[in-house]
Every structure is written in structure tokens, then in C-alpha cells.
Amino acid sequence: MGRYTLMRLGIFAGCLVVVWGLVYSGIAPRGLGDSNYMWVVLLALVISAPISFVVLRKERDRASAQVVARVDRARANLEQNRSQEDHADDAARGAQSQPS
């Protein structure tokens, strides 16, 4: 999961550098007034999103499989805890209902 995030940030950083170079060289338009930095960041974000979607498809699938495995383990642990509580509760109720 961390690898996917780092790769995604790397693609964004690369796009940010390229967009910054294009804006300051005059090839891409500058923002309005003082919004130039925001313009560069937003443009880099818009460009990096589809690139990440296509380039990181396999890594995203791997990260998704890890998340699914974690969720399945958590569900299994929760179900195991529930059954232990049910058995303990049934045993306590059985001991209370037996005459002494």
C-alpha cells in the first residue's frame, strides 16, 4: 500500500516539475494574478491523475488485494470473538439454570 502511494506521489511530483517548467518558460498559460502557484499545482494534479490510473494499474490491484485480505482477516477475528463470547455466555447461562 505504501509503495503505491509513493509511486503516485512520484508521478505527481514529476508532473509538477514539468508543469512548473512549462508555465515559467511561457509555453503554458500563467494563472490569474497571485494564483499562479495554485494553477501549477491543480494542473499537475489533473495531468497526473490519468497517468497514475493507467501506469499504476497493476500496483493498485496489488494494494487492493492487500486491503481485501486485511478486511477478511478482521472479519474472521471478529467472528471468532463473537463465537467465543457466545460459548462463554451459553456456559454461564447453563451453570445458572442447573440446581445446586
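Details of the structure are given in the entry above.
Just so we're clear, the structure is a prediction, and the values are computed from it rather than from any experiment. (Residues numbered from 1 in each chain as written. Predicted model: local features only at pLDDT ≥ 70, side-chain atom pairs only at ≥ 80, totals over all residues. Heavy atoms only, no water.)

Draft legend 1. Molecular detail of the overall build of the protein. Scanning the protein for helices and strands turns up three helices and zero strands. Sequence-ordered secondary structure for the protein, helices as α and strands as β, is α-α-α. Counted over contacts in the protein with a minimum sequence separation of 6, partners at least 24 positions apart contribute 66%. If you sum the accessible surface of the protein, you get close to 7,800 Å²; carbon and sulfur atoms cover 64% of it. (Helix = DSSP H or I, 4+ residues; strand = E, 2+ residues; numbered from the N terminus. Contact = heavy atoms within 4.5 Å. Areas by Shrake-Rupley, 256 points an atom, 1.4 Å probe, with all protein chains shown as cover.)

Draft legend 2. Representation of the packing of aromatic side chains. Counting across every chain of the model gives one aromatic pair. Both rings, one in Trp20 and one in Tyr24, keep their centres 5.1 Å apart while their planes meet at 45°; by these two values the pair is tilted. Pair noted here: Trp20 and Tyr24 are both in helix α1 (residues 2-25), with a separation of four residues, about one helical turn. Classification of Trp20 by relative accessible area gives partly exposed; the value is 48%. In this structure Tyr24 comes out as partly exposed when scored by relative accessible area, which is 32%. (Phe/Tyr/Trp six-rings, centres within 6.5 Å; stacked < 30°, edge-to-face > 60°. Buried < 20%, exposed > 50% of the residue type's maximum accessible area, 1.4 Å probe, protein only.)

Draft legend 3. View of the pattern of salt bridges. Going through the model one piece at a time under the given rule, you end up with two salt bridges. For Glu59, the salt bridge identified is with Arg3, shortest N-O distance 3.8 Å. Taken together, the positions of Glu59 in helix α3 (residues 57-97) and Arg3 in helix α1 put the pair 56 residues apart, joining distant regions of the chain. Owing to a relative accessible area of 9%, Glu59 belongs among the buried residues under this scheme. Two residues, Arg62 and Glu59, come together in a salt bridge whose shortest N-O distance is 2.6 Å. Of this pair, Arg62 and Glu59 both sit in helix α3, three residues apart, roughly one helical turn. On the basis of relative accessible area, Arg62 is assigned to the partly exposed category, the value being 44%. Several salt bridges converge on common partners, so that one network encompasses Arg3, Glu59 and Arg62. (Salt bridge = Lys/Arg side-chain N within 4 Å of Asp/Glu carboxyl O.)

Draft legend 4. Representation of the environment of Gly14 in the model. By secondary structure assignment, the location of Gly14 is in helix α1. Accessibility expressed as a relative area gives 35% for Gly14, which makes it partly exposed. C-alpha separation for the pair Gly14 and Ser48, spaced 34 residues apart in sequence, amounts to 8.5 Å.

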